[in-house]
Amino acid sequence: QVHVVESGGGLVQAGGSLRLSCAASGSILSINAMGWYRQAPGKQRELVAIITSGGSTNYADSVKGRFTISRDNAKNTVYLQMNSLKPEDTAVYYCNAKGLLLPIRSFDSWGQGTQVTVSS
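I will try to describe carefully the structure that is included in this document.

Reading guide: rules and limits
Residues numbered from 1 in each chain as written. Predicted model: local features only at pLDDT ≥ 70, side-chain atom pairs only at ≥ 80, totals over all residues. Heavy atoms only, no water. Phe/Tyr/Trp six-rings, centres within 6.5 Å; stacked < 30°, edge-to-face > 60°. Lys NZ or Arg CZ within 6 Å of the ring centre and 35° of its normal. Patch = residues over 30% accessible without salt bridge, like charges linked within 9 Å, V, L, I, M, F, W, Y side chains within 5 Å. Areas by Shrake-Rupley, 256 points an atom, 1.4 Å probe, with all protein chains shown as cover. Salt bridge = Lys/Arg side-chain N within 4 Å of Asp/Glu carboxyl O. Buried < 20%, exposed > 50% of the residue type's maximum accessible area, 1.4 Å probe, protein only. Helix = DSSP H or I, 4+ residues; strand = E, 2+ residues; numbered from the N terminus.

Some points on the packing of aromatic side chains
Under the defined criterion, the tally for this structure stands at one aromatic pair. Over the ring of Tyr-94 we find Arg-45, and its NZ or CZ is 3.7 Å from the ring centre.

Pasting the structure below:
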């Protein structure tokens, strides 16, 4: 069992910044990748940013240059620094972790989400 918990969402004005955090816990052997996804009302969940254990990153085009993903492997934690926020960034942000846990088997776990609201 792997638990994934997000924090750091809230209400911010356009142009402002927020930092999201996500921690994974449980009998984790290794985490291959952690990522942030978001889902706006009436839309499908979409990838925002992902980072591998080796530090490789990938971003949605809509957030490149504004958002930065980073991780602390020792703490099984990932962060999303969001700058120059726009109203269209408003969504529930979900954290995802993929890897191996004990006894050895793969996992693909999601957090419950944190609301980010950007006012114009």
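Here we look at a nonpolar patch on the surface
A grouping of Leu-29, Leu-102 and Ile-104 is seen on the molecular surface, where their side chains present a nonpolar patch of about 300 Å² in accessible area. The class of Ile-104 is exposed, set by a relative accessible area of 64%.

Quick word on the pattern of salt bridges
In this structure the tally under the stated criterion is five salt bridges. With a closest N to O distance of 3.0 Å, Arg-38 and Asp-89 form a salt bridge. With a gap of 51 residues between them, Arg-38 in strand 4 (residues 28-39) and Asp-89 in the loop between strand 8 (77-82) and strand 9 (91-101) connect regions that are remote in the sequence. Across the salt bridge formed by Arg-66 and Asp-89, the nearest N and O atoms sit 2.8 Å from each other. Residue Arg-66 is located in the loop between strand 6 (57-59) and strand 7 (67-72), and its partner Asp-89 is located in the loop between strand 8 and strand 9; the two are separated by 23 residues in the primary sequence. Note on accessibility: Arg-66 and Asp-89 belong to one class, buried. Beyond isolated ion pairs, a larger network of salt bridges with shared partners links Arg-38, Glu-46, Arg-66 and Asp-89.

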